[in-house]
Structures are given as C-alpha cells and as structure tokens.
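Given next are the chains, with one letter for each unit.
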Amino acid sequence: MPIRRPTPPQPAPVDDPLLEQALSDLDWYARARDRARRWHWATELGALLTGAATVVAAGIRAPAAATATLAGLTVFIGGFRQVFNHAERHVLSAEAWSRLRLAIRRYRLIPEEERDEAVRRRLQEEIEDVATTEVQNWAAGRRGLRPGPGPVPGGQLPQ
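Residues numbered from 1 in each chain as written. Predicted model: local features only at pLDDT ≥ 70, side-chain atom pairs only at ≥ 80, totals over all residues. Heavy atoms only, no water.

Trainee: For this particular structure, what's the right way to read helix α2 (residues 64-84)?
Mentor: Residues separated by three or four positions in an α-helix point in the same direction, a consequence of the helix having 3.6 residues per turn. Helix length check: α2 (21 residues) gives 30 Å between terminal C-alpha atoms against 30 Å at 1.5 Å per residue, within 8%. Of the positions making up α2, those classed as buried are T67, I77, G78 and F80. Projected down its long axis, α2 shows its buried positions confined to an angular sector of 160°, all on one face. With respect to the buried face of α2, the exposed residues turned more than 90 degrees away are A64, A65, V75, F76 and Q82. Of the surrounding elements, those touching the buried residues of α2 are α1 (17-59) and α3 (86-109). (Helix = DSSP H or I, 4+ residues; strand = E, 2+ residues; numbered from the N terminus. Expected span 1.5 Å × (residues − 1). Buried < 20%, exposed > 50% of the residue type's maximum accessible area, 1.4 Å probe, protein only. Arc of directions from axis to C-beta. Contact = heavy atoms within 4.5 Å.)

Next comes the structure, spelled out in structure tokens:
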C-alpha cells in the first residue's frame, strides 16, 4: 500500500472568483476523499482485529461475555461499513477531485490575459459537471444502482 500524504494546499488564489470557486470545491473534495479513506481503513482494520480477537478468545476459552462482546463488535463494524460505505465515498471523492484538478490545471495553463469567456465557460461547465456527476453517482450507489468504474459520462444516471 502506498503511503498517502494529505493534499498540499493550493497556491493563494488570484482575483478570479471562478478559479476561487474551483479551488474551494477542489479543497472540499480533497477533505472528503481523505476523511473517507481514513474511515475506510479504520473500519477495515477494526473488522480484522475484532474478528481475529473473537477467534483467539474462543480458542483460549475466554469468558463467554468477552467472546460475545468481540463478536458483537465485529458485527457492528460490518454493519457500520455497509451503512456508511466509506470505500465508495473515497472513490467518488477521488474521481471528482482528480477531474476538477485537471480542469483547474488546464485553466491555469492559459495566461490570464488570454482567458476569454469561452475558457471561463469551459471551467464553469467542468465544475458543474463534476459536482453533478459526483452527486448522481453517490445517489445511484445509495439506491443500489452501482455505476461502472469512473464517472458516468455526461453526468447521466446509469441505465
């Protein structure tokens, strides 16, 4: 597993409200991605530890209350994992963050004096498309309609 470090802060925003909005959204997706990743690892490790401890407790004939408590914790963590699904949240946030980061990079590569209305419109449309796609994929996941890998093209719900 590669070591993931927190996303470095973005450079100070310039006097460009659209870019500031894009950077604000990017920061939100980075925080959501990182928080979901931490919760995912915590629940996975918790399930592994409590599951293994249950087996060990049963093997060494620990008191029934201790073994039952460990088994109950294992079941609770499994349910917590299913209800909150931090793994999916991590993936959706990472996809949105990556798409938005690339759009911001493309926008910043254009010199400020050459950023006409069409360039600004493309960034605005990408900001809106990223948000729409992320919410629709999240909603589809909550409804049990699992979209394929990656964002749904054009922000449409899967058929």
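Trainee: Could you clarify how one ought to interpret a nonpolar patch on the surface in this entry?
Mentor: A contiguous nonpolar surface patch, about 440 Å² in accessible area, is contributed by W41, L45, L48 and L49. When you line up the elements, L49 lands in helix α1. (Patch = residues over 30% accessible without salt bridge, like charges linked within 9 Å, V, L, I, M, F, W, Y side chains within 5 Å. Areas by Shrake-Rupley, 256 points an atom, 1.4 Å probe, with all protein chains shown as cover. Salt bridge = Lys/Arg side-chain N within 4 Å of Asp/Glu carboxyl O.)

Trainee: Got a minute to help me understand α3 in this structure?
Mentor: When the terminal C-alpha atoms of α3 are compared, their 34 Å separation across 24 residues agrees well with the 34 Å that a helix rising 1.5 Å per residue should span. Residues H86, E88, R89, L92, S93, A96, W97, R99, L100, A103, I104 and Y107 constitute the buried set of α3.

Trainee: Explain the packing of α1 against α2 here, please?
Mentor: Helix-helix packing is described using two parameters, namely the angle between the two axes and the distance between the axes. Where α1 contacts α2, the axes come no closer than 8 Å and their chain directions differ by 155°. For the element pair α1 / α2, the angle class is roughly antiparallel. Two packed elements cross with a definite hand, and for α1 against α2 that hand is left-handed. Here W39, T43, E44, G46, A47, T50, G51, A53, T54, A57 and A58 of α1 come into contact with α2, specifically with T67, L70, A71, L73, T74, I77, F80 and R81. Residue composition of the contact of α1 with α2, grouped by class: 10 nonpolar, 7 polar and 2 charged. (Axes fitted to C-alpha atoms, helices over the stretch in contact; angles between N-to-C directions. Parallel < 35°, antiparallel > 145°, perpendicular 65-115°, else oblique. Left-handed = near helix turned anticlockwise from the far one by under 90°. Nonpolar A, V, L, I, M, F, W, Y, C, P; charged D, E, K, R; others polar.)

Purely geometric stuff here, so don't read any function into it on its own.
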